[in-house]
Amino acid sequence: MSHGTELDAQLTGGLLHGWQERNRRATIPHAIAELRKAGNLENLRRLADPSVGPYRGRYPFLDTDLYKTLEGLAYEVGRDDAPAGARAFYDEVVELLEQAQAEDGYLNSYFQDPDQPKQPWSDLGWGHELYNLGHLIQAAVAANRRLSDGRLLTIARRFADLVVRTYGADGEEVVDGHPEVEMALVELYRETGDEDYLTQARLFVDRRGRGKLEHTIFPGEYFQDHVPFRELPSVTGHAVRMAYLAAGAADVHLETGDPTLLAALERLWDDMVATKLYLTGGLGSRHSDEAIGDRYELPSERAYAETCAAIATMQWAWRMFRATGRAKYLDVYETVLYNAYAVGLSADGTAFFYDNPLQRRPDHEQRSGAEDGGELLRRAWFGCPCCPPNIIRWMSELQDHLAVARDNVLYLGIYADARITANDLTVKVSTNYPWDGEITLTVENAPPEERTIALRVPAWATEANITPAGEQVDGWAVVRRTFAAGDVVRLTLPMAPRAHGVHPYVDAARGAIAVARGPLVYCVEQQDAAAPVDDLLLSPAAVHAATVREQDEHLVLDLTAKVAHPPAAELYPVISEQTTQQPIQQPAESAVGEVPVTLVPYFLWGNRQALAMRVWLRTEREY
């Protein structure tokens with residue numbers, strides 16, 4: 001597939017537009033205040049004025065929290081309704097970066113700090129210096145494109161040129177402990193046309209797994225550095241690192257056409273989706289090492305599913321869609337967007353989850369991000385605050401991931417109220433998705449030549465209907481004709497509640513049911529059930545009979561669940577020959593009654609009192 005032609009898309013209403021407005025109104029001002037309070041700006045300022053005080057923070061990569069925020073601000077500060085204080089903050093940080101950058105182009109407030117014992121490039125495994133550069137580049141490219149402000153691009157290119165001189169084809173063969181710079185360098189190549197950046201990205205991908213990184217604390221698997229990328233048997237190690245590396249490799253493939261990279265990426269993706277991805281799209285089953293875990297190792301209450309991993313998975317998914325045109329990648333993208341990503345931010349936009357479990361026990365007290373004290377659920381900021389600014393930048397860029405135009409075809413993959421222009425074709429998208437399955441495209445302007453509009457049909461939408469009649473091919477409903485202003489294309493997707501079972505190898509959820517409707521996964525919080533959530537017994541019939549109701553501008557599901565007898569006190573009872581003749585799960589006749597239960601979208605959980613929550617509910621029998 002070719003890269004496609006330039007496309008302009010703007011969100012105009014609906015849930016995603018509302019999320020962006022919340023980002024401007026609440027999340028960005030909150031993050032600016034937290035970054036100031038945490039000392040991120042002073043870490044840069046003290047390089048010129050040590051009297052400011054010592055470096056603040058535990059980690060050498062805290063500059064990236066500024067870079068990610070700047071990337072989001074590049075989309076917002078030029079707007080009439082820009083967030084309060086955003087322009088002043090943006091300019092202040094850019095000026096500090098200009099002042100802090102070393103003469104040779106190096107930039108990192110931790111390693112440049114005269115009081116730090118480590119020198120630049122002395123700890124590539126844990127220093128995150130190239131990871132820092134990656135986020136700087138992405139902020140710089142966004143600022144150059146959206147604001148026509150080249151100051152950050154000048155800074156980023158000076159740093160990137162240093163890396164090319166030091167670690168390029170004729171330099172030292174190294175890689176960074178935290179992938180991210182790979183996709184940023186490809187984007188810098190796209191922005192500038194300088195092929196040295198593309199070559200450097202390819203070198204970093206090709207060097208990985210060839211003994212170029214010194215492993216301390218964790219083994220090579222943690223860094224995806226135990227075998228060459230193309231030989232990885234499965235996604236492995238630190239979840240964010242893995243998905244960022246895959247996204248970077250996908251970018252290299254997009255620009256070089258390397259078929260060996262695409263083959264590896266497709267194999268790794270398919271294995272991940274089949275064996276290692278949560279129903280919510282979350283990636284990472286272990287708090288230990290923030291790791292992905294083994295195949296089918298998907299515990300609910302200990303799911304890590306870091307918010308940054310959700311964003312990284314979407315980045316990988318989007319690039320795989322661009323590389324192949326296959327709708328299945330956008331199916332996963334959408335699942336992550338509405339669940340594993342959206343859950344990371346509170347309803348008011350000022351508190352965050354770092355890790356995103358699918359279950360909360362009634363007596364659970366560990367804080368998100370493994371931080372001591374503070375709120376039991378979301379918190380305002382973290383000692384390692386990588387997720388909040390990552391949420392900000394991705395929220396600002398949602399419109400960039402709605403559609404692609406290529407070869408006179410407009411592919412509309414993510415549905416929201418929007419206006420999209422490509423190839424002299426402008427369409428207005430009207431929908432109440434994801435609450436409703438009706439998507440209407442009205443042509444506002446069209447060229448005299450034939451065009452094709454392709455609308456994604458999600459895998460869960462088994463009886464989709466499109467008018468005017470078109471063909472459905474590989475997850476796309478396709479209408480091809482000479483369009484005129486006023487023409488309407490309408491896609492209808494069924495939105496009945498669904499009951500999901502689980503693969504028998506997923507021991508943590510075997511014999512349980514989860515509920516989804518459209519792209520949304522639902523859960524039950526204790527506030528919405530008259531019996532303990534651990535005692536609820538749910539059946540597919542109850543799910544299919546659920547009614548949909550509006551509550552606080554969202555749709556919830558009302559249904560009836562049975563309540564199991566309280567379990568025996570014995571933790572490991574002996575199973576006699578007689579009991580083996582009955583299902584080990586509580587049989588239906590053992591229920592003591594029925595109670596009404598309301599399920600809420602998973603992304604909304606955790607905005608009330610810290611009580612029990614479940615995505616996977618017990619059943620009367622195994623399915």
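The rules behind these values
- Residues numbered from 1 in each chain as written.
- Predicted model: local features only at pLDDT ≥ 70, side-chain atom pairs only at ≥ 80, totals over all residues.
- Heavy atoms only, no water.
- Core = buried A, V, L, I, M, F, W, Y, C linked by side-chain atoms within 4.5 Å.
- Buried < 20%, exposed > 50% of the residue type's maximum accessible area, 1.4 Å probe, protein only.
- Contact = heavy atoms within 4.5 Å.
- Pairing = 2+ DSSP bridges.
- Helix = DSSP H or I, 4+ residues; strand = E, 2+ residues; numbered from the N terminus.
- Axes fitted to C-alpha atoms, helices over the stretch in contact; angles between N-to-C directions.
- Expected span 1.5 Å × (residues − 1).
- Salt bridge = Lys/Arg side-chain N within 4 Å of Asp/Glu carboxyl O.
- pLDDT = per-residue confidence, 0-100.
- Parallel < 35°, antiparallel > 145°, perpendicular 65-115°, else oblique.
- Left-handed = near helix turned anticlockwise from the far one by under 90°.
- Nonpolar A, V, L, I, M, F, W, Y, C, P; charged D, E, K, R; others polar.

## What to know about the nonpolar core
Point 1. In terms of nonpolar packing, the biggest core is built from 218 residues, with Leu152 and Leu536 touching the most fellow members.
Point 2. Discounting residues that sit within four places of it in the chain, Leu536 has contacts with Val524, Ala529, Ala531, Ala561, Lys562, Val563, Val595, Val597, Leu617 and Arg618.

## A closer look at the sheet that holds strand S5 (residues 417-422)
Point 1. The strand order across the open sheet built from six strands is S1-S5-S6-S7-S12-S9, with neighbouring strands paired in antiparallel fashion. Each edge of the open sheet carries a strand with a single partner, namely strand S1 (7-13) and strand S9 (465-467). Neighbour-to-neighbour, the strand axes of this sheet turn through a mean angle of 15 degrees, independent of strand direction.
Point 2. Strand direction decides the pairing type here: S5 and strand S6 (residues 425-431), joined by five bridges, are antiparallel. Bridging across to S6, Thr421 finds its partner in Thr426.

## Some remarks on helix H6 (residues 151-167)
Point 1. The first and last C-alpha atoms of H6 sit 24 Å apart over 17 residues, in line with the 24 Å expected at 1.5 Å per residue.
Point 2. Buried residues of H6: Leu152, Leu153, Ile155, Ala156, Phe159, Ala160, Leu162, Val163, Val164 and Tyr167, and no others.

## A few points about the pattern of salt bridges
Point 1. For the coordinates displayed, the defined rule picks out 41 salt bridges.
Point 2. For Arg480, the salt bridge goes to Glu471, with nearest N and O atoms at 3.8 Å.
Point 3. Across the pair Arg614 and Asp534 runs a salt bridge, and its minimum N-O distance is 2.7 Å. With Arg614 in strand S20 (residues 613-614) and Asp534 in the loop between strand S15 (520-525) and strand S16 (536-537), this residue pair connects regions lying 80 residues apart in the sequence.
Point 4. Here the residues in one salt-bridge network are Arg145, Glu187, Arg190, Glu191, Asp251, Glu255 and Arg319, joined through shared partners.

## Details of the sheet that holds strand S8 (residues 451-456)
Point 1. On the basis of which strands lie adjacent, the open sheet formed by five strands has the order S3-S4-S8-S11-S10 and mixed pairing. Two strands close off the open sheet at either side, each with one partner strand: strand S3 (403-406) and strand S10 (471-473). Geometrically, the sheet is characterised by an average inter-axis angle of 25 degrees between neighbouring strands, direction not taken into account.
Point 2. Strand contacts of helix H11 (residues 307-324): S3, strand S4 (409-412) and strand S11 (476-481), with the helix running at about 20 degrees to S3, the strand carrying the most contacts.

## Focus on the environment of Leu611
Point 1. Within the secondary structure, Leu611 is located in the loop between strand S19 (593-601) and S20.
Point 2. With residues up to four places along the chain from it excluded, the contact list for Leu611 reads Arg360, Gln526 and Gln527.

## Some remarks on the environment of Gly127
Point 1. Note that Gly127 resides in the loop between helix H4 (86-100) and helix H5 (129-147).
Point 2. The class for Gly127 is buried, based on a relative accessible area of 1%.
Point 3. For the pair Gly127 and Ala516, spaced 389 residues apart in the sequence, the C-alpha separation amounts to 41 Å.
Point 4. Contacts of Gly127, omitting those with residues within four sequence positions, involve Pro60 and Phe111.

## Here's the deal with H11
Point 1. For H11, which comprises 18 residues, the first-to-last C-alpha distance of 26 Å matches the rise-based estimate of 26 Å (1.5 Å per residue) to within 8%.
Point 2. Counted residue by residue, H11 has 17 buried out of 18 residues, so it is predominantly covered.
Point 3. Gly325, located one to two residues past H11, shows a positive phi value of around 75 degrees.

## Section: the confidence of the model for the protein
Point 1. Here the protein shows a mean pLDDT of 94. Residues at 70 or above account for 96%.
Point 2. pLDDT under 50 marks residues 581-589. Its contacts with residues more than four places away, or in other chains, come to 16 contacts.

## Focus: unusual backbone geometry
Point 1. In this model, Tyr433 is joined to Pro434 through a cis peptide bond whose omega is 10 degrees.
Point 2. Tracing the sequence through the fold places Pro434 in the loop between S6 and strand S7 (438-445).
Point 3. The peptide bond linking Thr467 to Pro468 adopts the cis configuration, its omega dihedral lying at -5 degrees.
Point 4. Structurally, Pro468 can be placed in the loop between S9 and S10.
Point 5. At Asp424, a position not held by glycine, the phi torsion is positive, near 65 degrees.
Point 6. By secondary structure assignment, the location of Asp424 is in the loop between S5 and S6.
Point 7. By relative accessible area, which is 55% here, Asp424 ends up exposed.
Point 8. Here the phi dihedral of Glu553 falls at roughly 70 degrees; this positive angle occurs in a residue that is not glycine.
Point 9. Within the secondary structure layout, Glu553 lies in the loop between strand S17 (547-551) and strand S18 (554-563).

## Some words on the pairing of strand S14 (residues 512-517)
Point 1. Judged by how many residues are buried, S14 sits mostly within the fold: six of six residues are covered.
Point 2. As defined by bridge partners, strand S13 (residues 498-500) adjoins S14 across three bridges and the pair is classed as antiparallel. In the strand pairing of S14, His500 is matched with Ala514.
Point 3. Across three bridges, S14 lies against S15 in antiparallel orientation. Each bridged residue has a counterpart across the sheet, and for Ala516 the counterpart in S15 is Val521.
Point 4. A loop of two residues connects S14 with S15, the two strands running antiparallel in sequence, and Gly518 in this loop sits at a positive phi of about 60 degrees.

## Re the packing of helix H8 (residues 195-207) against helix H9 (residues 239-256)
Point 1. Where H8 meets H9, the closest approach of the two axes is 10 Å, and the angle between their N-to-C directions is 130 degrees. One element, H8, and the other, H9, form an angle in the oblique class. Regarding H8 and H9, the two cross each other, and that crossing is left-handed. Residues Leu198, Ala201, Arg202 and Val205 of H8 form the contact with H9, whose own contacting residues are Ala249, Val252, Glu255 and Thr256.
Point 2. The residue makeup of the contact of H8 with H9, split by class, is five nonpolar, one polar and two charged.

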